[in-house]
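Here is how the chains run, residue by residue.
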Amino acid sequence: MSLLKSITGRYEKFSGTSENNRDEQLKTRYYKTNFNQMFQTVEDLLKADSSLKITSVSKEHGEISAELNGKLPAFLTATVITTKPFETAVDLHISTEKFSLSGINPALKQELVKIYEKLDRAHPFVGSGKYGNQ
């Protein structure tokens, strides 16, 4: 069953991070910073990327949405949540309508990993999937 799931998973048009994700690269990431600093960093990071166009910013909900207009047209949502004082979590979700014979999901995953790598350079990384087993 897992072989079938891994094969069909390549063709999923959605990828996202979560606390209990089986893929280590796609677990929720935590940073040592406050909500306002992280939210601003995520917003600035998305604005700086010429292939991204921010469509919605909701600081009250901790969400920023953007359209990706490059080789891979997609829709991205970044969610910023304070878990403890000076510990902030960032979750990313991306979806597309594009189809690929070789599977589109790995390309979506790469977009999320690229954003996390930029965040890792901007703020001290605390861990990933920290609260998934509680």
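Thresholds, definitions, all that
- Residues numbered from 1 in each chain as written.
- Predicted model: local features only at pLDDT ≥ 70, side-chain atom pairs only at ≥ 80, totals over all residues.
- Heavy atoms only, no water.
- Core = buried A, V, L, I, M, F, W, Y, C linked by side-chain atoms within 4.5 Å.
- Buried < 20%, exposed > 50% of the residue type's maximum accessible area, 1.4 Å probe, protein only.
- Helix = DSSP H or I, 4+ residues; strand = E, 2+ residues; numbered from the N terminus.
- Contact = heavy atoms within 4.5 Å.
- Polar contact = N/O pair within 3.5 Å; in protein donor to acceptor, adjacent residues only side chain to side chain.
- Axes fitted to C-alpha atoms, helices over the stretch in contact; angles between N-to-C directions.
- Parallel < 35°, antiparallel > 145°, perpendicular 65-115°, else oblique.
- Left-handed = near helix turned anticlockwise from the far one by under 90°.
- Nonpolar A, V, L, I, M, F, W, Y, C, P; charged D, E, K, R; others polar.
- Pairing = 2+ DSSP bridges.

(A) Geometry of the nonpolar core. Counting 26 residues, the largest nonpolar core has Val-42, Leu-46, Val-90 and Leu-119 as the members making the most contacts within it. Considering each element in turn, this core owes the most residues, six residues, to helix 2 (residues 35-48). Not counting residues within four places of it along the chain, the set of residues in contact with Val-90 comprises Thr-17, Thr-28, Arg-29, Tyr-31, Met-38, Thr-79, Val-80, Tyr-116 and Leu-119.

(B) Local environment of the side chain of Asn-105. With respect to the element layout, Asn-105 can be found in helix 3 (residues 105-122). Accessibility expressed as a relative area gives 14% for Asn-105, which makes it buried. In terms of polar contacts, Asn-105 uses its side chain to reach the backbone carbonyl oxygen of Phe-14, at 2.8 Å. Apart from residues no more than four positions distant in its own chain, Asn-105 is found in contact with Gly-9, Arg-10, Glu-12, Phe-14 and Ser-15.

(C) Highlighting unusual backbone geometry. Of note, the phi angle at Phe-86 is positive, near 60°, even though the residue is not glycine. Counting through the fold element by element, Phe-86 comes out in the loop between strand 5 (74-84) and strand 6 (87-95). Phe-86 gets classed as exposed once you look at its relative accessible area, which sits at 53%.

(D) Fine view of the packing of helix 2 against helix 3. At a closest axis distance of 11 Å, the pairing of helix 2 and helix 3 adopts a crossing angle of 130°. One element, helix 2, and the other, helix 3, form an angle in the oblique class. Regarding helix 2 and helix 3, the two cross each other, and that crossing is right-handed. Contacts from Met-38, Thr-41, Val-42, Leu-45 and Leu-46 in helix 2 reach Ile-115, Lys-118, Leu-119 and Ala-122 in helix 3. Among the residues forming the contact of helix 2 with helix 3, the class breakdown is seven nonpolar, one polar and one charged.

(E) Structural context of the pairing of strand 6. Of all nine residues making up strand 6, seven are buried, and the element is well covered by its neighbours. Relative to strand 6, strand 1 (residues 14-16) runs antiparallel, the two being bridged by three bridges. Bridge pairing in strand 6 places Ser-15 opposite Ile-94. As paired strands, strand 2 (residues 29-31) and strand 6 are joined by three bridges and run antiparallel to one another. The residue of strand 6 that forms the bridge with Arg-29 is Val-90. Bridge analysis of strand 5 against strand 6 gives nine bridges, and the strand direction is antiparallel. Within strand 6, the residue paired with Lys-84 across the bridge is Glu-87.

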